[in-house]
Amino acid sequence: MAHNGFKVAVVGATGAVGNLMVKVLEEKAFPVSKLKLLASARSVGKTLPFHGREIPVEELVQNSFEGIQLALFSAGGAISRKFAPVAVQAGAVVIDNSSAFRMDPQVPLVVPEVNPHAALSHSGIIANPNCSTIQMVVALKPIYDAAGIRRIVVTTFQAVSGTGKRAVEELRSQVSAIMSGREAVRQIYPHQIAFNCFPHIGLFLDNGFCEEEMKMINETRKIFEDAQIRVCATTVRIPVICGHSESINIETDRKISPEETRELLKGAPGVRVIDDPSSAGYPVPLTAAGTDDTFVGRIRTDPSVENGLAMWVVADNIRKGAATNAVQIAEILLKSGRL
Ligand SMILES: NC(=O)c1ccc[n+]([C@@H]2O[C@H](COP(=O)([O-])OP(=O)(O)OC[C@H]3O[C@@H](n4cnc5c(N)ncnc54)[C@H](OP(=O)(O)O)[C@@H]3O)[C@@H](O)[C@H]2O)c1
């Protein structure tokens, strides 16, 4: 039955993720009767296009959520902690992109291809996982179901858009400064990012891991509902604008061949296999940029452990890693009448 539409708010609408949430709502023809775009006072006066109309950006304030039924948050953890409960109180379901609620046992952490059922047990807030975790679990879920996964070792190669729009500007301006013989100015990252890379995303913790690595470890266990799965992550920032890549090694319970893995993944939701190395056939960030799929290639036996597999996984970090995943969660709620 057609629905007249929901009153939807996007919090952080002017940011890298928020902007794309608005686009994905339009692309997926999500039923929206009223769209409220919220950001900081700095953005008042700006507009964003939606279905051919220019929608003004409003300042996020305490009563922004009156009448709102669905609120998509992507303005950072502090804003989510302060305003997500306000939105829920006003009657909205919140889908939150920040890390504020991801590990809260009361809050489902959902990747629609992996654990859609979890979305239905929400009590107001649903969390969108970290971008690097999302693409990894989408690629691994069919293997997890078919052969069991005991251990994952992952190294990421993450685009600067994962840090937001100011980081994209930092890479662009450092490249242009260096190419014209000027000094690169560093504001956001701990090192120059142009022509460089560093294994450091988020703060370092006492155990020697950085926050992004611990997010991948903890979120994977929560999404797979498997506290036993062993995960080790190294997260690296690279000078790419869009698209995260991951080198993943897994140890399965049952031996599974590269051929069987390719066949499994070819039929998996949201996954595309590009695996013909002899003709340089493997996914790269530019393959994934602008798409909603998770791409897998370089599938091969890892001979260093029993039942080992190695692979390369790439996705658009702003789309599947954030905006698309959030709108897909909203679609689950819509289909199940939980909105
Ligand atoms: N980028 C990714 O790949 C990615 C992936 C998954 C999750 N996330 C998460 O999504 C969130 C946003 O990331 P982003 O990359 O989109 O960041 P961004 O490009 O820096 O955008 C931040 C957004 O938050 C708004 N904002 C900042 N302070 C505010 C305030 N005091 N009141 C209201 N709005 C405020 C900004 O509005 P103004 O324009 O007015 O400043 C802007 O719309 C973060 O929690 C991030 O961890 C990002």
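Cut-offs and rules
Residues numbered from 1 in each chain as written. Predicted model: local features only at pLDDT ≥ 70, side-chain atom pairs only at ≥ 80, totals over all residues. Heavy atoms only, no water. Near = heavy atom within 4 Å. Polar contact = N/O pair within 3.5 Å; in protein donor to acceptor, adjacent residues only side chain to side chain. Areas by Shrake-Rupley, 256 points an atom, 1.4 Å probe, with all protein chains shown as cover. Helix = DSSP H or I, 4+ residues; strand = E, 2+ residues; numbered from the N terminus. Nonpolar A, V, L, I, M, F, W, Y, C, P; charged D, E, K, R; others polar. Axes fitted to C-alpha atoms, helices over the stretch in contact; angles between N-to-C directions. Parallel < 35°, antiparallel > 145°, perpendicular 65-115°, else oblique. Left-handed = near helix turned anticlockwise from the far one by under 90°. Contact = heavy atoms within 4.5 Å. Phe/Tyr/Trp six-rings, centres within 6.5 Å; stacked < 30°, edge-to-face > 60°. Bend = angle between axes of the 7 residues up to and from the residue. Buried < 20%, exposed > 50% of the residue type's maximum accessible area, 1.4 Å probe, protein only.

Some thoughts on the site of the ligand
And then number 1: In the vicinity of the ligand, 26 residues are found, and the nearest of them are Thr14, Val17, Ser40, Arg42 and Ser43.
And then number 2: A distance of 3.1 Å separates an oxygen atom of the ligand from a polar atom in the backbone of Gly12.
And then number 3: At a separation of 2.6 Å, an oxygen atom of the ligand approaches a polar side-chain atom of Ser40.
And then number 4: Relative to its unbound accessible surface of 900 Å², the ligand loses 80% to contact with the protein.
And then number 5: Of all the elements in the fold, those that place two or more residues in the shell around the ligand are helix 1 (16–27) and helix 8 (319–336).
And then number 6: Of the residues contributing to the shell around the ligand, the split by class is 10 nonpolar, 14 polar and 2 charged.

Considering the packing of helix 1 against helix 8
And then number 1: Helix 8 packs onto helix 1 with a crossing angle of 50° between their chain directions and a minimal axis gap of 9 Å. By the angle between their directions, the pair helix 1 and helix 8 is classed as oblique. With respect to the hand of their crossing, helix 1 and helix 8 are arranged in right-handed fashion. Of helix 8, the residues touching helix 1 (which contributes Val17, Leu20, Met21, Val24, Leu25 and Glu27) are Arg319, Ala322, Ala323, Thr324, Ala326 and Val327.
And then number 2: Looking at the contact of helix 1 with helix 8 residue by residue, the classes come out as 9 nonpolar, 1 polar and 2 charged.

Digging into the packing of aromatic side chains
And then number 1: According to the stated counting rule, one finds 5 aromatic pairs in the structure shown.
And then number 2: Between Phe157 and Trp312 the ring centres are 5.4 Å apart and the planes differ by 55°, which places this aromatic pair in the tilted class. Placement of Phe157 in strand 8 (residues 149–158) and of Trp312 in strand 13 (residues 308–315) is noted, with a sequence separation of 155 residues between them.

Some remarks on helix 8
And then number 1: At Asn325, helix 8 shows its largest bend, some 40°.
And then number 2: Gly337 lies just past helix 8 and shows a positive phi near 70°.

Some thoughts on unusual backbone geometry
And then number 1: A positive phi angle is found at Arg298, which is not glycine, with a value near 50°.
And then number 2: Relative to the assigned elements, Arg298 resides in strand 12 (residues 294–301).
And then number 3: Phi at Asn307 takes a positive value of approximately 55°, unusual for a residue other than glycine.
And then number 4: Inspection of the secondary structure puts Asn307 in the loop between strand 12 and strand 13.
And then number 5: For Asn307, a relative accessible area of 11% corresponds to the buried category.

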